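Residues per chain are reported as follows:
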Protein chains: 2
Amino acid sequence: MSSWYAVSAPEDDIVVSTRIRLARNLSGMPFPARMSADQRRELNARVKKAITESNTPFAKTLKYIDMKNVPQTEIMAMVERHVISPEFASGNEERAIILSDDESISIMIGEEDHIRIQVIMGGLQLEKAYDIAERLDTLLYDTLHFAFDRNLGFLTECPTNLGTGLRASVMLHLPVIESSGEISQLADSVGKIGFTVRGMYGEGSKPAASMYQVSNQITLGISEKNALDNLKIITQQLIDKERSERKNLNRIKVEDTCFRALGILENARLLSGEEMMNLLSRIKLGMSMGIIKSEVMPVKLLIEGQPYMLMKKYGQIEADERDIYRANCIREAFGQ
Amino acid sequence: MSSWYAVSAPEDDIVVSTRIRLARNLSGMPFPARMSADQRRELNARVKKAITESNTPFAKTLKYIDMKNVPQTEIMAMVERHVISPEFASGNEERAIILSDDESISIMIGEEDHIRIQVIMGGLQLEKAYDIAERLDTLLYDTLHFAFDRNLGFLTECPTNLGTGLRASVMLHLPVIESSGEISQLADSVGKIGFTVRGMYGEGSKPAASMYQVSNQITLGISEKNALDNLKIITQQLIDKERSERKNLNRIKVEDTCFRALGILENARLLSGEEMMNLLSRIKLGMSMGIIKSEVMPVKLLIEGQPYMLMKKYGQIEADERDIYRANCIREAFGQ
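What counts as what
Residues numbered from 1 in each chain as written. Chains lettered and ligands numbered in written order. Predicted model: local features only at pLDDT ≥ 70, side-chain atom pairs only at ≥ 80, totals over all residues. Heavy atoms only, no water. Axes fitted to C-alpha atoms, helices over the stretch in contact; angles between N-to-C directions. Helix = DSSP H or I, 4+ residues; strand = E, 2+ residues; numbered from the N terminus. Parallel < 35°, antiparallel > 145°, perpendicular 65-115°, else oblique. Left-handed = near helix turned anticlockwise from the far one by under 90°. Contact = heavy atoms within 4.5 Å. Nonpolar A, V, L, I, M, F, W, Y, C, P; charged D, E, K, R; others polar. Core = buried A, V, L, I, M, F, W, Y, C linked by side-chain atoms within 4.5 Å. Buried < 20%, exposed > 50% of the residue type's maximum accessible area, 1.4 Å probe, protein only. Pairing = 2+ DSSP bridges. Least-squares fit on C-alpha atoms with pLDDT ≥ 70 in both. Domains from an automatic or database assignment. Buried area = accessible area lost by both parts, 1.4 Å probe. Salt bridge = Lys/Arg side-chain N within 4 Å of Asp/Glu carboxyl O. Expected span 1.5 Å × (residues − 1). Arc of directions from axis to C-beta.

Enquirer: Run through the packing of helix α9 (residues 251-267) of chain B against helix α10 (residues 273-288) of chain B, naming residues and quoting values.
Expert: All names here are of chain B. At a minimum axis separation of 8 Å, α9 and α10 run at an interaxial angle of 130 degrees. In terms of orientation, α9 lies oblique with respect to α10. Between α9 and α10 lies a crossing of left-handed hand. On the side of α9, the interface is formed by Val-254, Thr-257, Cys-258, Ala-261, Leu-262, Ile-264 and Leu-265, while α10 contributes Glu-275, Leu-279, Leu-280, Arg-282, Ile-283, Leu-285 and Gly-286. Broken down by class, the residue content of the contact of α9 with α10 amounts to ten nonpolar, two polar and two charged.

Enquirer: Let's hear about the nonpolar core: which residues, and what values?
Expert: The biggest cluster of nonpolar side chains holds 78 residues, and the ones touching the most others in it are Phe-334 of chain A together with Phe-334 of chain B. For this core, the secondary-structure elements that each account for two or more residues are α9 (251-267), α10 (273-288), α11 (298-304) and α13 (322-333) of chain A together with α9, α10, α11 (298-304) and α13 (322-333) of chain B.

Enquirer: Any chance you could break down the pairing of strand β3 (residues 96-100) of chain A for me, citing the residues and the numbers?
Expert: All names here are of chain A. Buried residues dominate β3, accounting for five of its five residues. Both faces of β3 are covered, namely the face carrying Ala-96, Ile-98 and Ser-100 and the face carrying Ile-97 and Leu-99. Sheet topology note: the strand β2 (residues 62-66)/β3 ladder contains five bridges and is antiparallel. Looking at the pairing, Asp-66 lines up with Ala-96 of β3. In the sheet, β3 pairs with strand β4 (residues 105-109) via four bridges, with the strands oriented antiparallel.

Enquirer: Any details on the relation of the copies chain B and chain A? Residues and values, ideally.
Expert: In screw terms, the move from chain B to chain A is a rotation of 180 degrees and a rise of 0.0 Å along the axis, fitting with an RMSD of 0.0 Å. Read as a symmetry element, the transformation amounts to a two-fold axis. Residues of chain B ranked by C-alpha distance from the rotation axis are headed by Gly-263 of chain B, positioned 1.9 Å from it. The overlap is high: 100% of the interface residues of chain B also sit at the interface in chain A, so the same surface is used on both sides.

Enquirer: Describe unusual backbone geometry, naming the residues involved and giving the relevant values.
Expert: Backbone geometry at Ala-209 of chain A places phi at a positive 60 degrees, although glycine is not the residue there. By the secondary structure assignment, Ala-209 of chain A is in the loop between β9 (195-198) and β10 (211-216). We note that Glu-103 of chain B has phi near 65 degrees; this positive angle belongs to a residue other than glycine. Relative to the elements of secondary structure, Glu-103 of chain B occurs in the loop between β3 (96-100) and β4 (105-109). Judged by its relative accessible area of 14%, Glu-103 of chain B is buried.

Enquirer: Would you mind going over the domain arrangement of chain A in detail, with residue names and values included?
Expert: All names here are of chain A. By the assigned domains, chain A splits into domain 1 (4-245) and domain 2 (251-330). For domain 1 and domain 2, the distance between their C-alpha centres works out to 27 Å. Counting each side, the surface lost to burial between domain 1 and domain 2 is near 1800 Å², with a carbon and sulfur contribution of 71%. Of all residues in domain 1, the largest losses of buried area upon contact with domain 2 belong to Tyr-5, Thr-73 and Glu-80, amounting jointly to 30% of the total for that side. At the junction of domain 1 and domain 2, the tally comes to one salt bridge. Residue Glu-74 pairs with Lys-312 through a salt bridge whose shortest N-O separation is 3.2 Å.

Enquirer: Could you give me a rundown of the sheet that holds strand β1 (residues 15-24) of chain A, with the residues and numbers involved?
Expert: Residue and element names in this part refer to chain A. With respect to topology, eight strands assemble into an open sheet ordered β2-β3-β4-β5-β1-β8-β10-β9, the strand pairing being antiparallel. A strand with exactly one partner marks an edge of an open sheet, and here the two such strands are β2 and β9. Averaged over all adjacent pairs, the angle separating strand axes in this sheet is 20 degrees, with direction ignored. Inspection of the sheet shows β4 paired to strand β5 (residues 115-122) by five bridges, in the antiparallel sense. Paired with Ile-107 across the bridge in β5 is Ile-117. Against the sheet, helix α5 (residues 126-143) makes contact with β1, β2, β4, β5 and β8 (166-173), and its axis sits at roughly 155 degrees relative to β5, the strand it touches most.

Enquirer: Please give an account of the environment of Ser-104 of chain A that cites residues and values.
Expert: All names here are of chain A. The residue Ser-104 is located in the loop between β3 and β4 in this model. In the structure, Ser-104 is positioned 141 residues away from Glu-245 in sequence and 32 Å away in space, judged by C-alpha atoms. Every residue in contact with Ser-104, bar those within four places of it in the chain, is listed here: Gln-118, Val-119 and Ile-120.

Enquirer: Account for α10 of chain B, with residues named and values stated.
Expert: Residues and elements named next belong to chain B. Along its 16 residues, α10 runs 22 Å from first to last C-alpha, staying within 8% of the 22 Å computed at 1.5 Å per residue. Burial in α10 covers these residues: Gly-273, Met-276, Met-277, Leu-279, Leu-280, Ser-281, Ile-283, Lys-284, Leu-285 and Gly-286. In the stretch just after α10, Gly-290 is the one whose phi turns positive, near 75 degrees.

Enquirer: I'd like to hear about the pattern of salt bridges, residue by residue, with values.
Expert: Here the idea is simple: oppositely charged side chains can pair when their charged atoms come close. Taken as a whole, this structure holds 56 salt bridges over all chains when the rule is applied. One salt bridge in this structure joins Glu-157 of chain B and Arg-34 of chain B, with 3.5 Å as the shortest N-O distance. Of the two residues, Glu-157 of chain B sits in the loop between β7 (153-154) and β8 (166-173) while Arg-34 of chain B sits in the loop between β1 (15-24) and α1 (37-54), which places them 123 residues apart along the sequence. Overall, Arg-34 of chain B belongs to the exposed group, its relative accessible area being 54%. Among the ionic pairs, Arg-116 of chain B bridges to Glu-112 of chain B, the shortest N-O distance being 3.2 Å. Residue Arg-116 of chain B is classed as buried on the basis of its relative accessible area, which comes to 8%. Each of the salt bridges in this network shares a partner with another, and the network as a whole consists of Asp-38, Arg-41, Asp-66, Lys-68 and Glu-94 of chain A.

Enquirer: Give me the interface of chain B and chain A: which residues, what numbers.
Expert: Of the residues lining the interface, 17 residues belong to chain B; the matching set on chain A comes to 17 residues. The tally of links between chain B and chain A comes to two salt bridges. A salt bridge links Arg-260 of chain B to Glu-275 of chain A; the nearest nitrogen and oxygen atoms lie 2.7 Å apart. Looking at the side of chain B that touches chain A residue by residue, the class counts come to eight nonpolar, two polar and seven charged.

Enquirer: Describe helix α7 (residues 183-192) of chain B, and please don't skip the residues or the numbers.
Expert: Residue and element names in this part refer to chain B. Looking only at α7, the buried set comprises Ile-183, Leu-186 and Val-190. Projected down its long axis, α7 shows its buried positions confined to an angular sector of 60 degrees, all on one face. With respect to the buried face of α7, the exposed residues turned more than 90 degrees away are Ser-184, Gln-185, Asp-188 and Lys-192. Against the buried residues of α7 lie α6 (175-179), β9 (195-198), β10 (211-216) and α8 (224-247).

Enquirer: Please give an account of the sheet that holds β8 of chain B that cites residues and values.
Expert: One key point about sheets: their strands pair by backbone hydrogen bonds, in either a parallel or an antiparallel sense. All names here are of chain B. Ordered by their spatial adjacency, eight strands build an open sheet running β2-β3-β4-β5-β1-β8-β10-β9, and the pairing between neighbours is antiparallel. Whereas interior strands pair on both sides, the edge strands pair on one side only; in this sheet they are β2 (62-66) and β9. For this sheet, the mean inter-axis angle between neighbouring strands, taken without regard to orientation, is 20 degrees. Sheet analysis places β1 next to β8, joined by seven bridges and oriented antiparallel. Along β8, the bridge assignment pairs Arg-21 with Arg-167. Across the sheet, α1 lies against β2, β3, β4 and β5 (115-122), angled at about 150 degrees from β4, the strand it touches most.

Enquirer: Lay out the environment of Ala-227 of chain B in plain terms, naming residues and giving numbers.
Expert: Residue and element names in this part refer to chain B. Within the secondary structure, Ala-227 sits in helix α8. Judged by its relative accessible area of 3%, Ala-227 is buried. Between the alpha carbons of Ala-227 and Gly-194 there is a distance of 9.3 Å; along the sequence they are 33 residues apart. If sequence neighbours within four positions are ignored, Ala-227 has contacts with Leu-166, Phe-195, Asn-216 and Ile-222.

Right under this line is the structure:
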């Protein structure tokens, strides 16, 4: 099955992906930060059992992966594919995940919370992604007993997740809003209504490829439905704004920018990660605006050009060869 | 017949062109700066007659052109093709030239001196170009009486041309010497032995496309042969230096630079004259080093992408459309 980033999806001219994350903890067990290795193994086993014993067709699409059996390169490549968090990847204790074939569903066991359910899909698909996450939540809840407080809701390690434990986010490609210098103003205004704007690789990451992740910050005193509805409204406003600003661009200038990016990607022999991301961002803009016709999937390439994804493809690569392999990988994708 | 810049020539991996210029004045006539319109017309007529009446096969390949009959765009395009000087183009008095079909031979009548014989050829062809200039000189001398002093040699308006009236120059493509920051040092050392280094469009012009014109400064007390021999020695040293420095380049970096230039030229929708020249310079380097295989002739394109050459091809172009037409012209040349 193809990954979420390798298929087309609703509104994907601007919305790169939708992500739903639910944080859950088992009652009667300490939070992961205070767990012994034995307790970690027990946690892993209980979650694994909950999936396998549910015996539903849905559960059968999921596989349990003991991270001990996964090579370090593949673990880092999973971070680059957004399957697991960087924090989870760098942990050295007993780690396990539950993963669907297409990697749209992943459950990290023993990250910050006992269970982190993640559903990631291409384009704008908040309801659909949330439905899947909820099914997983229900499936696990059938067997496991989640720590839940009548007043506070789901209990989580970090108080910012308390309540619904829901983090819903959309990754938006906003090159024109960005180039008109409106991002910080936008971050301020969505911040006031409980949403946050970040770069592509989560908290503290620098924006790259003009991609911005908008997500809810408030999980307490608001229903899941309200959080999703609000995010959808904000997203739609940003989509409309980006689309309308695109229409006002100087056509020949944007064509020039997009085609130059194409020319460099098709020809460069050395390509840094940052430059690749910025050029692919222009390709995405050009394709969305009907300027560039290509079978290439810019977001897919952007992920495949990350360092560990390159090593997955080409084997061990020294740091000083990385830009060469990246350039080769990209040229090949563009049929050169 | 093809122009000098559209055929391959000796050493043209580095030597773009060879130019010989002889300054001559008719005795018994004031220098052009002090001539009346009548005297100018008389000068034009005498030179025209000298050519037509010589009746040799060589003379028959030359045509007399009254600049009054040449549209202003074409006059400026002639400057861009190095057929006439910018000073001659901007003069508004009676102007005429003698020109060969391939434009390798031109005689400006009434520029700074009465007669400026120019022979321009691709690559390094000092003897050949000088031979042709000398034939023209002899041909004209048969009919016209040149101002000549037994001690000073040929008399010229400017004392810097006095003696042989010879300016021999080679245009060299020195991207690697340039990038290693050695040009000014080089200009100093050739300056000490009576040679000068300038940009592509003559005196005071900024270097563009890593092209440098090396020419003799001394015309008095030195024979033509010595001047040519010395220039040839200097040129050969510069060729050797540039070639050997090319061998020491980091191969992948130079490939990257050259292919990026190709990618931009094949794709840009807006291209300034300066950027075009710098990118074509990289294409020339890439082709000389066997990195880029192409039928394209970078020096030819560099001339064809100049503003008036573009207007010659596309008709009147507004200043703000020039970069669009230039980009189109270049893409077309690269078969895009």
